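# Structural overview
Single-letter residue listing:
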Amino acid sequence: QREQAHDEQIARDLAGVPGHFAHGLNFYKLFWVFFLCCFLGVVIETIFCWIASGRLSQRTGLVWGPFNLIYGIGAVLLTAILYQYRSRSDGFIFLFGTVLGGAYEYVCSVFTELVFGTVFWDYSHLPFNLGGRINLLFCFFWGIAAVLWLKLAYPALSRLIERLPMRAGKLLTWGMIVFMVLNAGISSLAMTRYTQRSAGIPAETALEQRLDERFPDARMERIYPNAILVD
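Residues numbered from 1 in each chain as written. Predicted model: local features only at pLDDT ≥ 70, side-chain atom pairs only at ≥ 80, totals over all residues. Heavy atoms only, no water.

## Some remarks on a nonpolar patch on the surface
A cluster of nonpolar side chains, namely Phe39, Leu40, Val43, Ile44, Ile47, Trp50, Ile51 and Leu56, defines an oily patch on the protein surface of about 790 Å² accessible area. Among the structural elements, leucine 40 can be located in helix 2 (residues 27-53). (Patch = residues over 30% accessible without salt bridge, like charges linked within 9 Å, V, L, I, M, F, W, Y side chains within 5 Å. Areas by Shrake-Rupley, 256 points an atom, 1.4 Å probe, with all protein chains shown as cover. Salt bridge = Lys/Arg side-chain N within 4 Å of Asp/Glu carboxyl O. Helix = DSSP H or I, 4+ residues; strand = E, 2+ residues; numbered from the N terminus.)

## A look at the packing of helix 2 against helix 5 (residues 136-161)
In contact at an axis separation of 11 Å, helix 2 and helix 5 are set at 110° when each is read in the N-to-C sense. Overall, the two elements helix 2 and helix 5 adopt an arrangement that is roughly perpendicular. Crossing hand, helix 2 versus helix 5: right-handed. Facing helix 2, whose interface residues are Lys29, Trp32, Val33, Leu36 and Cys37, helix 5 presents Trp149, Tyr154, Leu157, Ser158 and Ile161. Of the residues in the contact of helix 2 with helix 5, the class split is 8 nonpolar, 1 polar and 1 charged. (Axes fitted to C-alpha atoms, helices over the stretch in contact; angles between N-to-C directions. Parallel < 35°, antiparallel > 145°, perpendicular 65-115°, else oblique. Left-handed = near helix turned anticlockwise from the far one by under 90°. Contact = heavy atoms within 4.5 Å. Nonpolar A, V, L, I, M, F, W, Y, C, P; charged D, E, K, R; others polar.)

## Some details on the packing of helix 6 (residues 166-198) against helix 7 (residues 206-214)
Relative orientation and spacing of two packed helices are given, respectively, by the angle between their axes and the distance between those axes. For the pair helix 6 and helix 7, interaxial distance at closest approach is 10 Å and the crossing angle is 85°. Our classification of the angle between helix 6 and helix 7 gives roughly perpendicular. Contacts between helix 6 and helix 7 involve Leu189, Ala190, Arg193, Gln196 and Arg197 from the first element and Leu207, Glu208, Leu211 and Asp212 from the second. Residue composition of the contact of helix 6 with helix 7, by class: 4 nonpolar, 1 polar and 4 charged.

Listed below in C-alpha cells is the structure:
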C-alpha cells in the first residue's frame, strides 16, 4: 500500500509537468539508471576500498571517465527484475537480490575471462567462495544493495530523472548513449590489444597500431590495476 501510494503521488506530481519523458519503468528511465550507476558504483567502491585498505586505487571499468559497466548493468537488472516485487518484505528482496547478484557476478567473471583472458577479481582467499568468482559474503552485499536500492535509492533517483523536460532529456540520453557505446567499444579493443601484447602478438593493422600508441601497457595498468592476465 505504501508503494502504491508513492507511485500515485508521483503520477499526480508529474501530471502538471509539461514535456515529461521518463515516467514509469521505460527505456529512458532504465538508461539513466544504467548511466548514473556506472558512475555511482565507481564512487562507492572507491570510498569502500579506501576505508578498507587506507589507500585510493583506480576502480573504473572503461578507458574514458569514472564508469564501470558492471554496476550500471547490475542496477538495471535489479530494477527490471525486482521492481515488480518492490512491495514485498525486505527479507524476500534480500534473498532474491543475494541469488540474483551472485549469479550476475559469476557470469561477469566468466565472460571477462573468456572474452578478454583477464581476471578482474579473485575471491579464492575468502571462505565460501565458488571458484574464486563469487563468495557468500559479497553475495549478501548484493542482497543488502537490492533492499536499499528498491526501498530507498531507486525511488529518489527515479523522481530526479522524471523531472527532466522532454527535449533536454531525450537529447542528453542519446548523446550519452553514443558516448557510452564508443567508450565501451574502445575499452574492449584496448583490453584485447593489452592481452595480445602480453602474449607477444604484434600489431598488424593500422587500428591495432593506433591502440598500442594510445593505450600502452603502462596506461592500461593504471586504468585496470587489479586485472590479472590469464595465460
